[in-house]
Amino acid sequence: MLARSILHADMDAFFASVEQRDRPELRGRPVLVGHDGARGVVAAASYEARRFGCRSAQPISVAKRLCPEAVIVGGDMRRYVEASEQIFAIYRDESPLVEPLSIDEAFLDMTGMERARGDPVTVARRIRARVLDETRLTASVGVAPNKFLAKLASDLDKPDGLTVIRADSVLERIGPLPIERLWGVGPATAERVHAAGLRTFADVRELTRDDLVRRFGAFGVRLFHLSRGEDDRPVVPDGAAKSIGQECTFSEDLVDPRDVLVVLLRQADSVGRRLRRSGLSARTLTVKIRYGAFQTITRSSTLPRPSAVSAELRAAAQELFQHWVEHSFRPVRLIGATAGRLQDGPGQLELFGDAGTERERRLDDVVDGIRDRFGSAAIRRGATSERESIDFRQS
Amino acid sequence: MERTQMRFTCDRDDLLKAVQSVSGVVASKGVHPVYESVQITAENDALTLSATDLEIGMRVHVGPGESLRIERPGTAVVPAQRLGAICRELSKGELIFDWDAERRECTLQAGRGRFQLQGPSPEDFPEIPDVGGAEEVAINAGVLRQMIKRTAFAAAKERMRFALNGLLLKVEGESLELVATDGRRLAVDQGACTNPGGVSLRAIVPTKGLQQLDKALSDPASSVWISIGNNHFRGRTERVTVVSRLVEGSFPGYKEVIPANCSHGATIPRDELVSTLRRASLVTSRDAQCVRLRFHTEGLTVSARSAEGSAEETLSCAYEGEEELLGFNPDFLLEALAVLPAGDIAFAWNGKASPGKITEGSYTYVVMPVSIE
């Protein structure tokens, strides 16, 4: 198998660091992010607070007892998401294969990218520098031949660290590490492993695979491989968004399908605009309809080709809806349009430029431009004429 | 009612081959039993088997020959699938075919086997349309078969692209041209024909019609006579006739999309490119069918990446110029390479978002790229 280069990038005390960045008076002080109440839990603890034994997922009451002088802040998800988006934009710029693990943590596959991007350690240095430069936050990065080792590495020199585990030094690097470093090993499991007289990865390596399976069952197989630093799970990008959709619930059931269609077409319009803004194309369009006593149906169609053209999404939505109206219309409570099976860019290009599609694409550009400058209400397709032009044959 | 009884004897293999040949155009189940049947006419010391799926009709002649003896002429209509299956199972050698029109029953005997088959009412069997008295052009069967093989795969398979759901057949002077496209790639091939009437033809023929004709052309040295008339295409040899309704609609202006005067060109060994592309396409996913071709002075590097894995391979190729990176659907390249002979292929293009072109003799294949960021 091809030798892989995997990076694990992890922000240092992410929420707490964002707070310290934005509120200078918090710098150098123990900060806990979380709701200060009876059932509040620590979402993040700054490194100053960690020195007192504060940890994330701890009850706030416990953390306060450990560190009475800690500043407790409620947290502002909006700013965290904003920072996260900046960070992931950097990750995605550096590698086409980014697997997000959480809001501030990701795997990047840099295998075979040396020519395009430089060797993985250079990339790791660059990522850390770019993150600091663009967000004024620090990230710790691990570089290793697989996901398990990369994640282990990023944690070895936290905060603000860069750790490289090379393929030829895996065993000596991980041998002395305590078994608790194993991903997914909680206190209960650690207890069982300790009970068998095993404390470090090197200890586990002394045992044969059969021994480990006899003692620990299926977990023994994992132990066997991970203690040797073996892990062949691929980096699986989630493609940012799997679908882009919009839906609308009416305060009362709409009895005229034409009224519903006007809303649906506007939704298709706005889904198209969001696709274009993200540089994506959709392969499918799904219409969701809720009616009667909360019965919900969805109807999907595959577009003739991947598209972000409003007119094409509208046509697909209208066709699906019209078909439903003609066969089994009921007063509608909710309507929605979702674009699915998204891909970057237009994908396969067409041989014969279609003048109609070209015109629609230019129209989208103009409308998007106006909406960007003056807001989405500034321009809209003629809804009235639209409503009148629809001729439903209800059965 | 002398025609109510029909009887002939022939070699089992001759009848089996003829039934199999026309079975390709029998309508799918459920339309009407008569459209799932083959009509067999015995007269003038020859048999004619006919079938149609209402879009394409086919006639195959058997005999005259030593093994065929028509004892009582007549016309029978028999379920095609059953007849084929029974013929296949009967022992080789002489076969006796009887038809009782009143009971609509056919009896087959060969060796010790004896089968009876019930047929639909023969009066309902549809007439196979014809082209009228249209002028014909003649082309060598081997040449036509190769042209069909090199183009038909590029025709649209999806129903929605209706006008592209067939091949453009063009005759000008002594040249016959076939063009197929699905809007993403295009295949054109030309062959010499004899055109005694000096006709010019231009029509869209359903892919299936040409494929049926292709299958029925067993002797590459024989001649095929082609004509268009009465909104139908007809291709015939001495033994077989295929008639197909034409596809209505206009064929796209294909000549404008064939790149001329390409700024970039490479010469690539076909066999190596095929195996490299096959390997690379193993890691492409359904939603990201794209391989990257990087042309540089040391050769051609083919790479692919997806959530499932990645692949990269460099093969030798003659290329001069700036480094160029292009993305293609690997299937679109492989399908074209599959119909080309071993040896070097000429690949040319004009820049990133423009099509790639493969040429080989009279053959041209144009394929649009996949956009890569």
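Predicted model, so just to flag it, every value in this text is computed and none were measured. (Residues numbered from 1 in each chain as written. Chains lettered and ligands numbered in written order. Predicted model: local features only at pLDDT ≥ 70, side-chain atom pairs only at ≥ 80, totals over all residues. Heavy atoms only, no water.)

Student: Describe the environment of Ile90(A), with residues and values.
Tutor: Residue and element names in this part refer to chain A. For Ile 90, the position within the fold is in helix α4 (residues 77–94). On the basis of relative accessibility, which here comes to 1%, the residue Ile 90 falls in the buried class. Remark: the alpha-carbon pair of Ile 90 and Val 131, spanning 41 residues in sequence, is separated by 7.3 Å. Those residues within four positions of Ile 90 in sequence are excluded, and the remaining contacts are Arg 130, Val 131 and Glu 134. (Helix = DSSP H or I, 4+ residues; strand = E, 2+ residues; numbered from the N terminus. Buried < 20%, exposed > 50% of the residue type's maximum accessible area, 1.4 Å probe, protein only. Contact = heavy atoms within 4.5 Å.)

Student: Outline the interface of chain B and chain A, supporting the account with residue identities and numerical values.
Tutor: Of the residues lining the interface, 29 residues belong to chain B; the matching set on chain A comes to 24 residues. Between chain B and chain A we count one salt bridge in total. Glu350(A) serves as the salt-bridge partner of Arg184(B), at 3.3 Å between the closest nitrogen and oxygen. Applying the counting criterion to the chain B and chain A interface returns five residue pairs in polar contact (both at pLDDT 80 or more). For the side of chain B that touches chain A, the secondary-structure elements that each account for two or more residues are β13 (185–192), β20 (299–306) and β21 (309–315) of chain B. Classifying every residue of the side of chain B that touches chain A by side-chain character gives 13 nonpolar, seven polar and nine charged. (Salt bridge = Lys/Arg side-chain N within 4 Å of Asp/Glu carboxyl O. Polar contact = N/O pair within 3.5 Å; in protein donor to acceptor, adjacent residues only side chain to side chain. Nonpolar A, V, L, I, M, F, W, Y, C, P; charged D, E, K, R; others polar.)

Student: With reference to specific residues and values, describe the sheet that holds strand β7 (residues 94–100) of chain B.
Tutor: Residues and elements named next belong to chain B. The strand order across the open sheet built from five strands is β5-β1-β7-β8-β9, with neighbouring strands paired in antiparallel fashion. Each edge of the sheet is formed by a strand with only one pairing partner; in this case those strands are β5 (69–72) and β9 (113–118). Sheet twist, expressed as the average angle between the axes of neighbouring strands with direction ignored, equals 15 degrees. Where β7 lies against strand β8 (residues 105–110), five bridges are found, and the strand directions are antiparallel. The residue bridging Asp 100 from the neighbouring strand is Glu 105, located in β8. Contacting β1 (5–11) and β7, helix α1 (residues 12–23) runs over the sheet at an angle of about 105 degrees to β1. Here helix α2 (residues 80–89) sits on the sheet in contact with β7, β8 and β9, set at roughly 180 degrees to β9. (Pairing = 2+ DSSP bridges. Axes fitted to C-alpha atoms, helices over the stretch in contact; angles between N-to-C directions.)

Student: Describe the pairing of β1(B), and please don't skip the residues or the numbers.
Tutor: Residues in a regular strand point their side chains to alternate faces of the sheet. Residue and element names in this part refer to chain B. Strand direction decides the pairing type here: β1 and β7, joined by seven bridges, are antiparallel. Within the sheet, the bridge partner assigned to Asp 11 lies in β7 and is Glu 94. Here three bridges tie β1 to β5, and the two strands are oriented antiparallel to one another. From the neighbouring strand, Arg 7 faces β5, where its bridge partner is Arg 72.

Such coordinate-based values are descriptive only and should not be taken to indicate function.
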